[in-house]
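The lines below spell out each chain.
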Amino acid sequence: MSENIKNLTCIECPMGCSITVRVENGVAIEVSGNNCVRGKLYAENEVVCPKRVITTTVRLTNGDVVSVKTNMPVEKSKVFEIMQKINKVVASAPVRIGDVLVEDIGCGASLVATDDRD
Amino acid sequence: MFDVIVIGGGVIGGLTLRELSKYNLNCALVEAQNDVAIGQSRANSGIVHAGYDAKEGSLKAKFNVLGNKMMPRVAKELGVKYRNNGSLVVAFTNEDLVTLQTLKARGETNGVEGLTILSKDELRAKEPNISDNALGALYAPTGGIICPYELTIASIGNAMDNGAKLYTNFKVSEIVKNQDGFTVVSEKGQALDCKVIINASGLSCDKIANMVGDYSFKMGARKGEYILLDKENSNFVSHTLFFTPTKAGKGILVTQTVDNNILLGPTSTEQADGSTVTSESGLAFVIQKVKEMVKNPPLFNTITSFAGVRAYCDRHDFIIEKSSACENFINLAGIESPGLTSAPAIAEYVVKELIGSLLPLEEKADFNPERAPDYFFKNLTNEEKTQLILKNPLYGKIVCRCEEITEGEIVRAIHENPPARDLDAVKRRTRASMGRCQGGFCQPRIVEILARELGVDMTEVTKSGEGSELVWGKTK
Amino acid sequence: MGENKMKLNYDIVVIGGGPAGLAAAISAYDNGARDILVIEREKRLGGILRQCIHNGFGLTRFKESLSGPEYSARFIEELKKREIDVALETTVLSLTQDKKVQVINEQGVFTISAKAVILAMGCRERSRGALNIPGSRPAGIYSAGTAQKYINLNGYMPGKRVVILGSGDIGLIMARRMTLEGAKVLAVSEIMPYSSGLKRNIVQCLNDFDIPLYLSHTITEIRGDKRVTGVTISQVDENKRPIKGTEKHFECDTILFSVGLIPENEITKSANIPLSPRTRGAVVYQNRETLVDGIFACGNTIQVHDLVDFVSEESEIAGKAAATYILEGAKEKDSVATINGNNIGYVLPHRIDKNQKGHVKLFFRVTSTFRNCVINVVSGGEVIASKKRNIAVPGEMETLILTQDKIALLSDDITVELKEGV
């Protein structure tokens with residue numbers, strides 16, 4: 001069934017492989033075009049529930065901003081919802097890379113600092 | 001009550017204000033925009049013309065030749081870069097060669113010194129990149145170059161140092177005649193009283209004159225588009241190269257600037273509203289003409305293109321006179337090219353002759369003709385640099401990497417006369433962000449410095465006054 | 001690490017504390033050099049990575065997806081473990097061929113004498129001005145990197161309705177970044193028929209947010225007096241000239257330019273070090289030594305890389321070579337040139353010294369999009385290395401290894417060329 005063939009561009013690494021996925025009953029049953037395991041996993045996820053890591057910033061009490069990320073990919077459809085929550089977070093310096101600023105910011109992901117601020 | 005109010009912060013108003021500040025007169029300059037030197041004086045060719053162009057006996061001819069002679073001293077006093085690079089009017093046809101003779105004769109009548117006709121080979125020796133089609137040139141050794149906005153800013157700054165007042169964002173909406181003189185009213189409702197008005201408002205000269213019932217002339221405007229090349233190519237030409245003028249006008253020029261860029265342009269199109277929008281056809285025309293003038297112009301090193309406005313009046317000569325409507329209102333209108341060159345001479349004439357006939361001129365004992373040293377840090381010796389850094393560590397922080405401009409210079413521009421209040425004002429005074437990256441790296445840093453020094457949030461910092469805010473709020 | 005400490009004599013001075021300078025300094029130390037200074041103009045090390053808060057860095061090197069600050073932090077930590085001096089908020093004003101480095105900072109102007117110098121100044125963005133785009137010059141026009149700095153480091157939004165010219169990676173990344181922060185990105189306009197950014201960025205930065213990408217389009221008018229009020233983009237013909245009647249108008253308050261990166265080489269020029277007109281960076285041998293003995297160059301100052309991982313790799317070559325130069329002195333060279341042949345934009349290194357041991361990785365870019373092609377390295381009429389590509393695009397740097405045995409036999413310059421339809 002042709003409507004169940006999906007063509008994707010892998011976003012796992014800069015190679016950007018063109019991947020073809022055969023989907024049945026909402027599940028990937030065959031992945032081709034990928035050059036690695038990460039590509040296969042990406043494709044399997046992408047046809048079921050696309051997920052993305054959010055990278056953004058968080059305001060500090062001193063007025064500064066510090067860069068942050070979700071420690072795992074979150075559902076793409078929830079990205080703006082989670083951004084709303086992140087925008088309300090105010091952290092206080094000092095912040096170090098890897099500090100968890102919020103335990104669960106959504107979809108079970110933590111919000112983690114990706115830079116240092118004194 | 002001011003003795004004199006100058007309307008318009010261009011080079012004519014600026015140098016006139018400075019001339020006024022030599023005397024015990026209470027003077028002010030009102031400018032509609034957020035900074036001075038933002039109209040015609042912001043973007044023109046910056047040429048100090050020799051004086052062979054203007055018709056014999058015209059005011060243009062008279063003031064051009066006088067101004068040309070005065071410019072080196074004025075520039076030196078004000079700490080403004082000026083270079084006597086000489087100019088060449090290049091002939092490409094036999095008809096042009098005949099015109100060169102006419103120009104030479106006219107120049108000599110006007111009192112221009114040193115004019116000579118160069119052969120093809122002599123021309124090539126002076127300008128190796130000249131087109132193979134060039135047949136000869138008129139060489140004017142007294143031609144020079146200057147930065148028009150730098151001269152304007154410095155003259156207003158020097159006048160302020162000597163007691164003159166500056167009102168920016170003062171757009172004149174009404175002039176009320178009264179017993180002692182005038183009340184000048186701004187759009188925002190500010191009112192200033194004065195005895196005499198000098199109308200040096202460029203493109204707005206007719207509108208301002210109309211406010212006192214003077215309808216004797218009308219202004220028009222032409223747009224001139226330019227292309228600026230990186231200073232890496234500064235030696236591509238050394239003189240200012242003009243085409244031989246035809247009935248269609250002077251055409252475009254190719255010149256070095258005092259900041260060692262190469263400037264190409266301007267076009268000349270009617271633009272009554274004074275808009276400075278560049279056009280595809282205009283820039284293409286500049287490129288086409290430049291390629292006729294010189295071989296292989298380094299256009300790949302273009303750093304920016306821009307347009308300036310050139311106001312003219314329907315009398316087609318300078319108007320430098322008391323208004324027929326009221327004698328204590330002086331019009332300095334239609335000061336088109338060679339207006340920049342003529343400016344110091346016009347200023348001197350206006351104050352000595354015209355103001356002198358209306359108000360007593362008493363020289364100020366403590367007038368200081370020199371502006372507080374407006375040095376470019378990068379031009380100092382290492383010892384001087386270190387001395388300055390030890391006094392003020394901000395001079396040790398390079399903000400604009402392309403032009404090597406320090407935080408010390410930027411802070412100085414914000415606090416010195418006339419104070420820089422926006423990003424473009426900082427740029428015009430310091431050259432920060434005028435280099436090849438055009439502010440890519442340093443703009444956020446300059447905005448931070450402006451916010452800090454002016455005591456405002458970054459959202460309030462503008463590019464060129466209200467409505468040109470650079471950032472629109474915090475991210476969170 | 002000797003934080004903000006600076007003497008007036010060093011064995012090796014590294015100019016730039018971004019990814020290239022950090023990797024070069026560490027590598028120089030690990031290969032035996034000891035007396036090293038890194039000069040950085042900003043308050044912190046890390047270079048442009050400080051503002052690149054998106055992820056995707058380090059996949060090659062660390063096998064994980066890091067943000068820019070995280071990637072540079074790994075190197076800064078390594079640097080701190082070694083006795084390497086760092087001069088922050090210090091700007092290099094000029095360099096001479098005998099390796100006098102003139103610097104300025106809050107203490108004054110100094111001349112530092114070095115035995116070897118590593119140039120690692122990175123690159124800068126091409127500006128709007130360089131493109132002669134007609135229109136007005138209001139507030140609201142930024143290079144993508146400037147907008148990135150405002151948003152990620154200053155915490156300010158440059159605007160709310162955005163059109164982006166150029167589909168370089170920074171432009172694509174900023175399309176997503178501004179969207180996440182609540183702006184509306186109306187369009188990305190690319191003059192070429194292909195994007196110069198990575199495919200993954202088209203997907204995750206544009207497609208994810210339904211941002212349209214107009215290929216073969218360019219900005220033909222910018223409107224606005226004080227602040228940008230709108231922009232017109234038009235389709236271009238094969239000569240990149242706008243086609244009348246294809247105009248699309250957008251009302252926007254912000255225009256971002258992402259129209260290419262240019263190696264930063266003012267310092268290189270101040271020392272009269274020969275530059276390549278192709279790369280606009282210094283001409284280098286495979287050890288990243290310039291044509292001036294003891295002056296090396298690496299990272300985006302010699303060629304604009306797609307990935308920071310490759311910048312680090314290249315900089316380690318330069319760092320090692322600088323250490324060798326310090327320990328063993330200058331060596332005689334016997335070199336051939338590399339030439340960009342058909343369909344190849346440039347090749348780096350520009351010269352291959354046959355006296356240097358080891359394989360050489362050639363870096364190059366193709367000039368257009370090619371399918372089913374073969375890339376050959378030819379010398380003296382013979383193909384000495386070759387690779388096939390199903391698709392080759394200018395946006396992705398290509399590499400080919402030249403083995404040592406082949407190099408030893410070189411008697412002539414080598415040419416890299418691409419043939420289509422094989």
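What counts, and at which threshold
- Residues numbered from 1 in each chain as written.
- Chains lettered and ligands numbered in written order.
- Predicted model: local features only at pLDDT ≥ 70, side-chain atom pairs only at ≥ 80, totals over all residues.
- Heavy atoms only, no water.
- Helix = DSSP H or I, 4+ residues; strand = E, 2+ residues; numbered from the N terminus.
- Rg over C-alpha atoms; globule rule 2.2 N^0.38 Å.
- Buried < 20%, exposed > 50% of the residue type's maximum accessible area, 1.4 Å probe, protein only.
- Contact = heavy atoms within 4.5 Å.
- Areas by Shrake-Rupley, 256 points an atom, 1.4 Å probe, with all protein chains shown as cover.
- Disulfide = S-S within 2.5 Å.
- Expected span 1.5 Å × (residues − 1).
- Arc of directions from axis to C-beta.
- Axes fitted to C-alpha atoms, helices over the stretch in contact; angles between N-to-C directions.
- Parallel < 35°, antiparallel > 145°, perpendicular 65-115°, else oblique.
- Nonpolar A, V, L, I, M, F, W, Y, C, P; charged D, E, K, R; others polar.
- Pairing = 2+ DSSP bridges.
- Left-handed = near helix turned anticlockwise from the far one by under 90°.
- Buried area = accessible area lost by both parts, 1.4 Å probe.
- Salt bridge = Lys/Arg side-chain N within 4 Å of Asp/Glu carboxyl O.
- Polar contact = N/O pair within 3.5 Å; in protein donor to acceptor, adjacent residues only side chain to side chain.
- Domains from an automatic or database assignment.
- Core = buried A, V, L, I, M, F, W, Y, C linked by side-chain atoms within 4.5 Å.

Asks: How would you sum up the overall build of chain B? Please name residues and give values.
Replies: Looking only at helices and strands, one finds 12 helices and 22 strands in chain B. Taking 476 residues into account, the globule formula puts the C-alpha radius of gyration at 23 Å, and chain B, at 22 Å, falls close to it. The dimensions of chain B, computed from C-alpha atoms along their principal axes, are 60 × 60 × 45 Å. Residues classed as buried in chain B amount to 61% of the 476 residues present. When contacts within chain B are restricted to residue pairs at least 6 apart in sequence, those whose partners lie at least 24 apart make up 72%. In the structure as shown, chain B presents an accessible area of about 17,700 Å², 49% of it carried by carbon and sulfur atoms.

Asks: Can you tell me about the state of the cysteines, naming the residues and giving the values?
Replies: Under the criterion given, the structure shown has 0 disulfides over all chains. Left unpaired, Cys10 of chain A is separated from the closest cysteine sulfur, that of Cys17 of chain A, by 6.0 Å. By relative accessible area, which is 5% here, Cys10 of chain A ends up buried. Left unpaired, Cys313 of chain B is separated from the closest cysteine sulfur, that of Cys205 of chain B, by 8.6 Å. Given the relative accessible area of 1%, Cys313 of chain B is considered buried.

Asks: Can you break down helix H7 (residues 280-293) of chain B residue by residue, with the values?
Replies: Residue and element names in this part refer to chain B. With 14 residues, H7 should cover 20 Å at 1.5 Å per step; its first-to-last C-alpha distance of 20 Å lies within 8% of that length. Of the positions making up H7, those classed as buried are Gly282, Leu283, Val286, Lys289, Val290 and Met293. All buried residues of H7 lie within an arc of 125 degrees about the axis, which places them on one face of the element. Turned more than 90 degrees away from the buried face of H7, the exposed residues are Ser281 and Lys291. Of the surrounding elements, those touching the buried residues of H7 are strand E5 (87-91), strand E13 (219-229), strand E14 (240-243), strand E15 (253-256), strand E16 (262-265) and strand E18 (302-313).

Asks: Which residues make up the packing of helix H12 (residues 443-454) of chain B against helix H3 (residues 144-154) of chain C, and what values go with them?
Replies: At a minimum axis distance of 9 Å, the contact between H12 of chain B and H3 of chain C shows a crossing angle of 50 degrees. With respect to H3 of chain C, the element H12 of chain B is oriented oblique. Residues Gln443, Pro444, Val447 and Glu448 of chain B of H12 of chain B form the contact with H3 of chain C, whose own contacting residues are Thr146, Lys149, Tyr150 and Asn154 of chain C. Here the residues of the contact of H12 of chain B with H3 of chain C sort into 3 nonpolar, 3 polar and 2 charged.

Asks: Describe the sheet that holds strand E4 (residues 82-83) of chain B, listing the residues and the values that go with them.
Replies: Pairing within the open sheet is antiparallel, and its 3 strands lie in the order E3-E8-E4 (chain B). The sheet is open, and its two edges are formed by strand E3 (47-48) and E4 of chain B, each paired on a single side.

Asks: A description of the packing of helix H1 (residues 11-20) of chain B against helix H5 (residues 148-161) of chain B should follow, citing residues and the corresponding values.
Replies: All names here are of chain B. Between H1 and H5, the least distance of the axes is 8 Å, while the angle of their chain directions is 30 degrees. Put simply, H1 runs roughly parallel to H5. Seen along the crossing, H1 lies across H5 with a hand that is left-handed. Judged by residue contacts, Val11, Gly14, Leu15, Leu17 and Arg18 of H1 engage Leu151, Thr152, Ser155, Ile156, Asn158 and Ala159 from H5. Of the residues contributing to the contact of H1 with H5, the split by class is 6 nonpolar, 4 polar and 1 charged.

Asks: Please give an account of the sheet that holds strand E22 (residues 360-366) of chain C that cites residues and values.
Replies: Residues and elements named next belong to chain C. The strand order across the open sheet formed by 3 strands is E20-E22-E25, and the pairing between neighbours is antiparallel. Edge positions in the sheet fall to strand E20 (344-348) and strand E25 (398-402), since each has one partner strand and no second. Sheet twist, expressed as the mean angle between neighbouring strand axes with direction ignored, is 25 degrees. Bridge analysis of E22 against E25 gives 5 bridges, and the strand direction is antiparallel. By the bridge assignment for E25, Phe363 is matched with Thr399.

Asks: Please set out H12 of chain B residue by residue, giving values where relevant.
Replies: Counted at 1.5 Å a residue, the expected span for H12 of chain B with its 12 residues is 16 Å, and the 16 Å between its end C-alpha atoms agrees. For H12 of chain B, the set of buried residues is Gln443, Pro444, Ile446, Val447, Ile449, Leu450 and Ala451 of chain B. In this structure, the buried residues of H12 of chain B make contact with strand E21 (398-400), helix H10 (407-415) and helix H11 (423-430) of chain B together with strand E9 (141-143) and H3 of chain C. Gly455 of chain B, located one to two residues past H12 of chain B, shows a positive phi value of around 65 degrees.

Asks: Report on the interface of chain B and chain C, specifying residues and quantitative values.
Replies: Contact with chain B, which involves 57 residues of that partner, is made by 45 residues of chain C. Buried surface at the junction of chain B and chain C, summed over both partners, amounts to about 4,400 Å²; 51% is from carbon and sulfur atoms. Looking only at chain B, the three residues that lose the most surface to chain C are Arg436, Trp472 and Thr475 of chain B, adding up to 16% of its buried area. Our enumeration of links across chain B and chain C arrives at 4 salt bridges. Across the pair Lys397 of chain B and Glu89 of chain C runs a salt bridge whose closest N-O atoms are separated by 3.9 Å. Between the two partners, chain B and chain C, sit 17 residue pairs in polar contact (both at pLDDT 80 or more). Counting residues per element, the ones that place at least two in the side of chain B that touches chain C are H7, E18, helix H9 (382-391) and H12 of chain B. Residue contributions to the side of chain B that touches chain C peak at 6 residues, all from E18 of chain B. Class assignment for the residues of the side of chain B that touches chain C results in 21 nonpolar, 22 polar and 14 charged.

Asks: Before we move on, can you summarise the pairing of E14 of chain B with the specific residues and values?
Replies: On any regular strand, side chains alternate: one points to one face of the sheet, the next to the other face. Residue and element names in this part refer to chain B. Here E14 shows two buried faces, one formed by Thr240 and Phe242 and the other by Leu241 and Phe243. Pairing geometry for E5 and E14, over 4 bridges, is parallel. Within E14, the position partnered with Val89 by the bridge is Phe242. Judged from the 2 bridges that link them, E14 and E15 form a sheet pairing that is antiparallel. Bridging across to E15, Phe242 finds its partner in Leu253.

Asks: So what's going on with the domain arrangement of chain B? Residues and values would help.
Replies: All names here are of chain B. Looking at the assigned domains, one finds that chain B contains domain 1 (83-144 + 221-311) and domain 2 (377-460). Of the roughly 550 Å² buried where domain 1 meets domain 2, counting both sides, 33% is carbon and sulfur surface. Considering only the surface of domain 1 that becomes buried against domain 2, Lys231, Asp259 and Ile303 emerge as the three largest contributors, covering 68% of it. Between Glu403 and Lys231 there is a salt bridge; the shortest N-O distance is 3.3 Å. Counting across the domain 1 and domain 2 interface gives 4 residue pairs in polar contact (both at pLDDT 80 or more).

Asks: Any details on the pairing of strand E9 (residues 100-106) of chain A? Residues and values, ideally.
Replies: Two strands pair when backbone bridges link them, and E9 of chain A and strand E10 (residues 109-113) of chain A are joined in this way by 3 bridges, in the antiparallel orientation. Counterpart to Val100 of chain A in the pairing with E10 of chain A is Val112 of chain A.

Asks: Which residues make up the nonpolar core, and what values do they have?
Replies: The biggest cluster of nonpolar side chains holds 69 residues, and the ones touching the most others in it are Ile410 and Ile446 of chain B together with Met178 of chain C. Ranked by residues supplied to this core, first place goes to helix H4 (residues 169-180) of chain C with 6 residues. Contacts of Met178 of chain C, omitting those with residues within four sequence positions, involve Ile151, Met157, Pro158, Gly159, Val162, Ala183, Val185 and Leu256 of chain C. Residues Val48, Met70, Val112 and Ile346 of chain B belong to the second largest nonpolar core, which totals 67 residues.

Asks: Account for the pattern of salt bridges, naming residues and giving values.
Replies: The full count for this structure, using the stated rule, is 66 salt bridges over all chains. Close ionic contact of Lys269 of chain C with Glu266 of chain C constitutes a salt bridge, the shortest N to O distance being 3.5 Å. Taken together, the residues span about one helical turn, with Lys269 of chain C and Glu266 of chain C both in helix H6 (residues 266-270) at a distance of 3 residues. Under the relative-accessibility criterion, Lys269 of chain C is labelled partly exposed at 27%. Via salt bridges that share partners, Lys397, Glu407, Arg445, Glu448, Arg452 and Glu453 of chain B together with Glu89 and Glu106 of chain C belong to a single interconnected network.

Asks: I'd love a proper account of the side chain of Ser234 of chain C, names of residues and values included.
Replies: Residue and element names in this part refer to chain C. Mapped onto the elements of the fold, Ser234 is located in strand E14 (residues 230-235). Separated by 2.8 Å, the side chains of Ser234 and Thr220 make a polar contact. In this structure Ser234 touches Ser216, His217, Thr218, Thr220, Pro242, Ile243, Thr246 and Glu247, once residues within four positions along its chain are discounted.

Asks: Mind laying out unusual backbone geometry, listing which residues take part and the relevant values?
Replies: Residue and element names in this part refer to chain B. A cis amide bond links Gly265 with the next residue in sequence, Pro266, at an omega value of -5 degrees. With respect to the element layout, Pro266 can be found in the loop between E16 and strand E17 (269-270). Pro418 follows Asn417 through a cis peptide bond whose omega is -15 degrees. Its location among the elements puts Pro418 in the loop between H10 and H11. Positive phi, close to 75 degrees, is recorded for Ser433, a residue that is not glycine. Tracing the sequence through the fold places Ser433 in the loop between H11 and H12.

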